[in-house]
Amino acid sequence: MERLSGPTEVRVINVIEVKAKKGLGIEKDPVREITQYWDMDGNFLAERDNDQQLLLDQIEWESNRLKNIIENYLKKQKPQ
């Protein structure tokens, strides 16, 4: 399994930065400012959202995803 070891290329590019409000305004989804990035052709690139619960949910999802990938990889490595 190969892990990233650092950047292999870095470039400065033009992007459109959009700040907007997001959220339903309830306890589990508060209204907050997010930042989106778009390329010059109008293609969505990324979104930054500092909602703590969203970040925790994403971390949990990614942790489970990586755990499953590693478990499946190890199962394939065991001799039959």
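The rules behind each value
Residues numbered from 1 in each chain as written. Predicted model: local features only at pLDDT ≥ 70, side-chain atom pairs only at ≥ 80, totals over all residues. Heavy atoms only, no water. Pairing = 2+ DSSP bridges. Helix = DSSP H or I, 4+ residues; strand = E, 2+ residues; numbered from the N terminus. Axes fitted to C-alpha atoms, helices over the stretch in contact; angles between N-to-C directions. pLDDT = per-residue confidence, 0-100. Buried < 20%, exposed > 50% of the residue type's maximum accessible area, 1.4 Å probe, protein only. Polar contact = N/O pair within 3.5 Å; in protein donor to acceptor, adjacent residues only side chain to side chain. Contact = heavy atoms within 4.5 Å. Phe/Tyr/Trp six-rings, centres within 6.5 Å; stacked < 30°, edge-to-face > 60°.

**Student:** Can you walk me through the sheet that holds strand 3 (residues 44-48) in this structure?
**Tutor:** Paired through their backbone hydrogen bonds, the strands of a sheet run either parallel or antiparallel. The sheet built from three strands is open, its strands ordered 1-2-3 with antiparallel pairing. What marks the edges here is a single partner per strand, and that holds for strand 1 (16-22) and strand 3. The sheet shows a mean angle of 25 degrees between the axes of neighbouring strands, taken without regard to direction. For strand 1 and strand 2 (residues 32-38), the ladder comprises seven bridges, and the chain directions are antiparallel. Its bridge partner lying in strand 2, Ala20 is registered against Ile34.

**Student:** When you look at the confidence of the model for the protein in this model, what are you seeing that I'm missing?
**Tutor:** Caution applies to low-pLDDT parts of the model: their predicted coordinates are not meant to be read in detail. The predicted model of the protein has a mean per-residue pLDDT of 90, with 98% of residues at 70 or higher. Ranking the helices and strands of the protein by mean pLDDT puts strand 1 first, with 96, and helix 1 (residues 52-77) last, with 90.

**Student:** Explanation requested: the side chain of Arg32 in the structure shown.
**Tutor:** Along the polypeptide, Arg32 turns up in strand 2. For Arg32, a relative accessible area of 14% gives the class buried. Within the structure, the side chain of Arg32 is placed 2.8 Å from the side chain of Asp29, a separation counted as a polar contact. Within polar-contact distance, the side chain of Arg32 engages the side chain of Asp49 at 2.8 Å. For Arg32, the contacting residues outside a window of four places in its chain are Ala20, Lys21, Lys22, Gly23, Asp49 and Asp51.

**Student:** Could you clarify how one ought to interpret the packing of aromatic side chains in this entry?
**Tutor:** The relative placement of two aromatic rings is captured by the distance of their centres and the angle of their planes. Applying the stated criterion across every chain yields a total of one aromatic pair. Pairing Trp38 with Phe44 gives two aromatic rings, centres 5.2 Å apart and planes at 70 degrees, and the pair type is edge-to-face. The exposure class assigned to Trp38 is partly exposed, which follows from its relative accessible area of 26%. For Phe44, a relative accessible area of 41% gives the class partly exposed.

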